[in-house]
Each structure stands twice: as structure tokens, then as C-alpha cells.
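One-letter residues, chain by chain:
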Amino acid sequence: MIFNTEQMKSSEINNILFMLPPFWDPLIPPQGIAHIKNYLKKYNYNVKTYDFNIYKNFRDIYTRYFNTLKKYVPLEKRGNFFNIGHDVLRNHMLINFINNQDDEYYIFLKDIIYKTFYVQLGIEILKEVDDIINSFYSIFEKELNKIFYQNKFQMVGVSVMRDNIAPSLFALRYIKKIDPAVITVMGGSIFSDQLLIGTPNLDYFLKNTPYLDKVFVGEGQILLHKFLSGELDNEKKLFTLDDINREALAYSDLNFPDMDDFDVKHNYMYLAMNASNSCPYKCSFCNVANFFGDYREKDPGMAAAQMMSLYQIYGIRIFFMNDSLLNNVADNLSTELQKNNTPLYWDGYMRVADNVCDQRNTIHWRKGGLYRARLGVESGSNRVLKLMGKKISIEQTKESLKSLANAGIKTTTYWVIGHPGETEEDFQLTLKLLEESKTYIYEAECNPFIFSYSGQSDSENWHNDRKILYTHVPQERIIIQDWTNNTYPLREETYERVNRFVQRCNDLEIPNPYSYFDIYNADNRWKLLHRNSVPSLVDIYDGNIDLLESRKVEIINKISKINIETNDFDF
Ligand code: SF4
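Quick caveat: nothing in here was measured; it's all calculated off a predicted structure.

**What to know about the overall build of the protein chain**
- Within the protein chain, the secondary structure is distributed over 20 helices and 16 strands.
- At 24 Å, the protein chain has a C-alpha radius of gyration in line with the 25 Å of a compact globule built from 571 residues.
- With 571 residues in all, the protein chain has 60% of them scored as buried.
- Counting only contacts in the protein chain whose residues sit at least 6 apart along the sequence, the fraction spanning at least 24 positions is 78%.
- For the protein chain, the exposed area adds up to about 23000 Å²; of that, 49% sits on carbon and sulfur atoms.

**Observations regarding the packing of helix 1 (residues 31-41) against helix 8 (residues 220-228)**
- Two numbers describe how helix 1 lies on helix 8: the axes approach to 9 Å, and their chain directions differ by 45 degrees. One way to sum up the angle between helix 1 and helix 8 is to call them oblique. The two elements helix 1 and helix 8 cross, and the hand of that crossing is right-handed. Contacts from His 35, Ile 36, Tyr 39 and Leu 40 in helix 1 reach Gly 220, Gln 221, Ile 222, Leu 224, His 225 and Leu 228 in helix 8.
- Residue composition of the contact of helix 1 with helix 8, by class: 6 nonpolar, 4 polar and no charged.

**Thoughts on the packing of aromatic side chains**
- Under the criterion given, the structure shown has 35 aromatic pairs.
- For the ring pair Phe 148 and Phe 153, a centre distance of 6.3 Å and an interplane angle of 40 degrees mean the geometry is tilted. Neither Phe 148 nor Phe 153 differs from the other in exposure class; each is buried.
- Over the ring of Tyr 50 we find Lys 48; its NZ or CZ atom is 5.7 Å from the centre of that ring.
- One Lys or Arg, Arg 59, reaches over the ring of Tyr 62 and ends 4.9 Å from the middle of that ring.

**Some thoughts on the nonpolar core**
- One finds Phe 18, Met 155, Trp 346, Trp 415, Leu 434 and Phe 501 to be the most contacted residues of the largest nonpolar core, which totals 109 residues.
- Ranked by residues supplied to this core, first place goes to helix 11 (residues 300-314) with 7 residues.
- Three or more residues apiece are contributed to this core by two domains, here domain 1 (10-56 + 152-244) and domain 2 (269-545).
- Setting aside residues no more than four positions away along its own chain, Phe 18 makes contact with Ile 33, Ile 36, Leu 40, Val 47, Lys 48, Thr 49, Tyr 50, Met 155, Gly 157, Val 185 and Leu 224.
- Ile 112, Phe 136, Phe 170 and Leu 469 belong to the second-largest nonpolar core, a separate cluster that totals 73 residues.

**Observations regarding the pattern of salt bridges**
- The tally for this structure, following the rule as stated, stands at 41 salt bridges.
- Its salt-bridge partner being Arg 90, residue Asp 482 comes within 3.1 Å of it at the nearest N-O pair. Of the two residues, Asp 482 is situated in the loop between strand 15 (466-468) and strand 16 (483-485) and Arg 90 in helix 3 (residues 81-98); the sequence distance between them amounts to 392 residues.
- Using a relative accessible area of 3% as the deciding quantity, one classes Arg 90 as buried.
- Between Glu 435 and Arg 504 there is a salt bridge whose closest N-O contact spans 3.7 Å. Of the two residues, Glu 435 sits in helix 17 (residues 424-436) while Arg 504 sits in helix 18 (residues 491-508), which places them 69 residues apart along the sequence.
- On the basis of relative accessible area, Arg 504 is assigned to the partly exposed category, the value being 25%.

**Some thoughts on the packing of helix 3 against helix 4 (residues 103-117)**
- The contact between helix 3 and helix 4 brings their axes to 9 Å, and the two run at 165 degrees. Judged by the inter-axis angle, helix 3 sits roughly antiparallel to helix 4. The way helix 3 lies across helix 4 gives a crossing that is right-handed. On helix 4, the residues that touch Phe 81, Ile 84, Gly 85, Asp 87, Val 88, Asn 91, His 92, Ile 95 and Asn 96 of helix 3 are Tyr 105, Phe 108, Leu 109, Ile 112, Ile 113, Thr 116 and Phe 117.
- Class assignment of the residues belonging to the contact of helix 3 with helix 4 gives a composition of 10 nonpolar, 5 polar and 1 charged.

**Some remarks on the site of the ligand**
- Near the ligand you find Cys 279, Tyr 281, Lys 282, Cys 283, Cys 286, Ser 324 and Arg 351, and these make up its full shell.
- Class assignment of the residues belonging to the shell around the ligand gives a composition of 4 nonpolar, 1 polar and 2 charged.

**Quick notes on the domain arrangement of the protein chain**
- Assigned domains of the protein chain: these are domain 1 (10-56 + 152-244) and domain 2 (269-545).
- The partner domain 2 presents 22 residues to the 25 residues of domain 1 that form the contact.
- For the domain 1 and domain 2 pair, buried surface summed over both sides reaches about 1800 Å², with 62% attributable to carbon and sulfur atoms.
- Area buried by domain 1 at its contact with domain 2 is led by Leu 27, Asn 201 and Tyr 204, which between them contribute 31% of it.
- Our count for the domain 1 to domain 2 interface comes out at 1 salt bridge.
- Across the pair Arg 296 and Glu 219 runs a salt bridge whose closest N-O atoms are separated by 3.8 Å.
- Linking domain 1 to domain 2 there are 5 residue pairs in polar contact (both at pLDDT 80 or more).
- Counting residues per element, the ones that place at least two in the side of domain 1 that touches domain 2 are helix 6 (165-178) and helix 7 (200-207).

**Concerning the pairing of strand 10 (residues 318-321)**
- On strand 10, burial covers both faces: Ile 318 and Phe 320 on one face and Phe 319 and Met 321 on the other are all buried.
- For strand 7 (residues 271-273) and strand 10, the ladder comprises 3 bridges, and the chain directions are parallel. The residue of strand 10 that forms the bridge with Met 273 is Met 321.
- As judged from the 3 bridges shared by strand 10 and strand 11 (residues 345-351), these two strands associate in the parallel manner. Looking at strand 11, one finds that Phe 320 is bridged to Asp 347.
- Read from strand 10 through helix 12 (residues 330-338) to strand 11, the crossover connection turns out right-handed.

**Overview of helix 14 (residues 359-367)**
- Of the positions making up helix 14, those classed as buried are Gln 359, Asn 361, Thr 362, Ile 363, Trp 365 and Arg 366.
- Its buried side turned inward, helix 14 meets helix 12, strand 11, helix 13 (354-357), strand 12 (370-378) and helix 16 (394-406).
- Just downstream of helix 14, Gly 369 is the residue with a positive phi angle, here 110 degrees.

**Some words on the sheet that holds strand 2 (residues 46-51)**
- Strand order in the open sheet formed by 6 strands is 2-1-3-4-5-6, and the pairing between neighbours is parallel. Sheet topology places strand 2 and strand 6 (238-239) at the edges, where each strand pairs with a single neighbour.
- Bridge count between strand 4 (residues 183-187) and strand 5 (residues 214-216): 2 bridges; the pairing is parallel. The partner of Met 186 across the bridge, within strand 5, is Val 215.
- The strands that helix 6 touches are strand 1 (15-20), strand 3 (155-159) and strand 4; relative to strand 4, the one it contacts most, it runs at about 170 degrees.

Quick notes on the rules
- Residues numbered from 1 in each chain as written.
- Predicted model: local features only at pLDDT ≥ 70, side-chain atom pairs only at ≥ 80, totals over all residues.
- Heavy atoms only, no water.
- Helix = DSSP H or I, 4+ residues; strand = E, 2+ residues; numbered from the N terminus.
- Rg over C-alpha atoms; globule rule 2.2 N^0.38 Å.
- Buried < 20%, exposed > 50% of the residue type's maximum accessible area, 1.4 Å probe, protein only.
- Contact = heavy atoms within 4.5 Å.
- Areas by Shrake-Rupley, 256 points an atom, 1.4 Å probe, with all protein chains shown as cover.
- Axes fitted to C-alpha atoms, helices over the stretch in contact; angles between N-to-C directions.
- Parallel < 35°, antiparallel > 145°, perpendicular 65-115°, else oblique.
- Left-handed = near helix turned anticlockwise from the far one by under 90°.
- Nonpolar A, V, L, I, M, F, W, Y, C, P; charged D, E, K, R; others polar.
- Phe/Tyr/Trp six-rings, centres within 6.5 Å; stacked < 30°, edge-to-face > 60°.
- Lys NZ or Arg CZ within 6 Å of the ring centre and 35° of its normal.
- Core = buried A, V, L, I, M, F, W, Y, C linked by side-chain atoms within 4.5 Å.
- Domains from an automatic or database assignment.
- Salt bridge = Lys/Arg side-chain N within 4 Å of Asp/Glu carboxyl O.
- Near = heavy atom within 4 Å.
- Buried area = accessible area lost by both parts, 1.4 Å probe.
- Polar contact = N/O pair within 3.5 Å; in protein donor to acceptor, adjacent residues only side chain to side chain.
- Pairing = 2+ DSSP bridges.
- Right-handed = clockwise from strand over helix to strand, strands pointing away.

If you want it as C-alpha cells, here you go:
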């Protein structure tokens, strides 16, 4: 069935659908579309939101895909399997959605798998893996049909990150086919990443996605509202904050999520919040400052009150903080949260820094509910940290880990392997740091250095060193190209180091939990290691905790505050 073919004017739109297509870890309800829903509702739009990532069918397909790949990738080459495997899944889904499955198609798929796991798979295995993606699209189409025929939407939007680009495009192409009058729109963090403004990927993408009408880059609430009010130039396809004079939405009730469509208590472990936006630093490999603009902080009293209000609505007391960096807001947020009789927990990104080394601070944060610090450790080599522009030293890293762990706060450590210029000696120092700090590491998550075409703080310096990754796959067969660096260490060596990093973690019994069962085991290990340990995630979710436990923690082995000026490392 084809609906009417005349495209509607933006000012006539009232019924709107926003979706988060698979695959994205359903830890928290999708925040981007929940914030937009709340904002547009205030202007009387009917907005429906869907998170396809909570559908059991899709979780099953995801598991089947990785279990099948696992059968054919030897243990010593799997590395950080669910992390690096997403590159394979993402690109596989892109070529599957665009191409016929001819002989060339399987050459593309072979190249995609090889450039991550460095194994050559035969045609029968490639077909076996490919069948799983075929069944995904077939089920996804049926689900889209159900939603679309039950409701008459005039605009459909997708929130797109790196890993859900192919299903997002599939959804918009399908919807446009069955109802060409619908306006299709896209936003999300992919526009700070693979589809950054000024990249050949974005230019190609905009010209070759006729089923996508409008793209909104950056905070979407005001942009979308102006578009719907007919205030933006309808001839354009791409809108950025420049189209609204970089107007930022103030922190207020309007800047709050509406998650009523998500059955939050049953589908997610965490709620989400932010107490700041962007980051005041500029590490070489990071694009946060470029995408989010100037760093700004929310009033900590407002952040704490919003957290309490969300807890009262949805009944989950642990928050995944979406801040790029919590160091500057942790003190005040902890103070505000300690004023409540109902303890809340929060989990967020921090950097190794003087204030983390001081256990008086980490104990204060623990009493205020800091549950897990997601800490950018990056490397065990001071030389590489300097190349990265991290402005930290290994001694600070060790003290930060100790200080957090002694306060009982879980430490999820992030490591970048294969930064341009990282030598084997540097990598050995990373393995040494892992070993020396293993007791203070809750979890070790390593990432091979990812080279973006642009947008990273050091992109201009690496300008001459980039090359297309999947050399066998022309752009029209994949739409979005991945890039890699042409300098030492090359990608294959980086991935080989990733394999060795994971092996060393296994030997040292440092977890990297992906399933709830793994998290349960990792939490038990943490409790055995640290007297002040936070409760397990399962116990918090189930409400099996002493509500005063965080207020009872005490300083262990008081650690002196490290002064960055006294380190012998020269920044
Ligand atoms: S890596 Fe962390 S500290 Fe560095 S710029 Fe990015 S968000 Fe900021």
C-alpha cells in the first residue's frame, strides 16, 4: 500500500514518531528523543517514541550474530570481542542494506571481517553470518509496518549513533516507500563522528540518501521546533546550530526527558541525567569539545532535584550521567545529594586528576552516591600520554585508581591501544600498569585507536596519514567509509596488541563484564577486594540495600594529595 505522494509542509505536521533503531546497548532510555518529545509536547505536538533496542527479537539476533562469529574467530584473535565486533556488525549491516548479495558483496564482507579479526572466512561461513542480518531486516520491516499502520505519522525521525546507522537508513527508506508524504529526519551523535560536517562522508551521504529529507546536527529541540514552525529555510537538507544563531536550550523544565513511552522500570537498569555539557579539555583523539561546544555546568541543586524527581516517577535509584566529564561538578553534586534522606547513585566519566587522587574527595563523592567512575586511563606510558595531550602522569593514574577504589567506587578504566607513535615498549608499560593496579581496577575496557577523517583534536596533524580502511569496498556500496592511519603502529599491529591486552586482563582476572551475569561476578569480586565497596548493581536495582550504607564509608590508608607541579614528568 502506498499513501499519498505529495510531501507535507513542515508547518502542517502534528503527529510525530521518533525512533532509536538497533543496535544500541539498552542500559538507559534513549535521552535525545525523550528530551525532544518533552520539548515538542509543550508546543502541543503529538510525539511517540520507540526504542527498538529493548525488543527481545533484536537482542536474540544480536546474540546469535556474535555467537556465530565467535565460532570462526580463534580465541587469540577475538580481542575485546563485543567492542571491536561492532565495527563488523555496523559495516555488514550497511552493505547488506545497500547491495544485492552477489559475488562482489561477499568480497566486501570478507574484507570487513578481515580488517577487524584478521581471519579469512570462506564463502559458506560468510553466508551463514549474512543470513542473520537478512533475518534482522525482515523482522525489523514487520515491526516498522506494525507501528506505522497503527498510527498515521506525518514526520518520522531517527536518533543515530555509530552503530545504528544502517537500520536507521533502512527504516527511513522503507517508510518513505510506503508513504512518500512523510517527512523523514535524522539527528544524533553520528554527526560528531563519521558524518562530521566537512567530511567527504557527509557530502556523499547527503547527496545519496533521497529518502532522508532533513538532518539536524547538535541539540535538536530548538532546531526541530523552528523547522516545524516553518522558520527554517525549507530548501536546505542540513541544519546546524548556526541556523538558530547557536542558541542553546537553558537548563529548565523544558530541558528534561519525557520517558513515558518506554516502560522504564522494566526495560532499563539506569536512569540518565547530566550536570554539565561538553568538556574543558582537548585530548588529541577526542571530539567532544568540537561537537558540544563550550563547557557549561548545570546548577548542582537543580541536577540533584531533577534526579530525585526522576527517581520518584520511575523508581530507579541509579543514574548514568551523560556528562562528558564529571570532575568539576562531582563535589557540589555530592553535597546536594547528601542533603536527601533517600540515597541516589550515579555513574559517570571522570579524568585522572589531582582532585581524584585525594581520598577526602572520593569519600565525599561516595557518600554523595558516586557509584562508578568511568576513568580515561588511556596508557601506561607517560610518553604516549604526552602525545595524547592528556596532561596526566602514570603516578596520578595509580593514585586516582587507589583513591577511588579505597572509597569503594567502581573503576571502569578505558585504555587506548595503538595511538599514533605508541611503540612496543610503550605498550609493555601499559601492561605493567594493568598489573600494578589490578586490585584497584573494577573493569578494563580497551579500545583500538580509532582514526576519524576529522573532528579529533589532532586531526590536522594526522591529515597526511589517513587512508580508506575497506579498500575493496567502493563508497557507493557502503555509503559511509571508515578511515585508518597510515603510520606506526598500523591497524593490524594495534589489533594484535588489543588481543594481548585482553589476554593479560584474563591472566590477571580483571573483568570486562558485558552481560548481567558477568556484572554480578565482577561486583562480587569488587566487594571482596574493597571494604567500602558500593552495593552490587543487582542489589540496587532490586532495592536490597541498606539505605544508609553510603553514609558509613570511612577513609582507608589516607593518601596524600599529589601535586601535579611536583611530579618529575615534564608536560
Ligand atoms: S577524553 Fe575526556 S577529558 Fe579528554 S577531551 Fe575528551 S571528554 Fe575531555
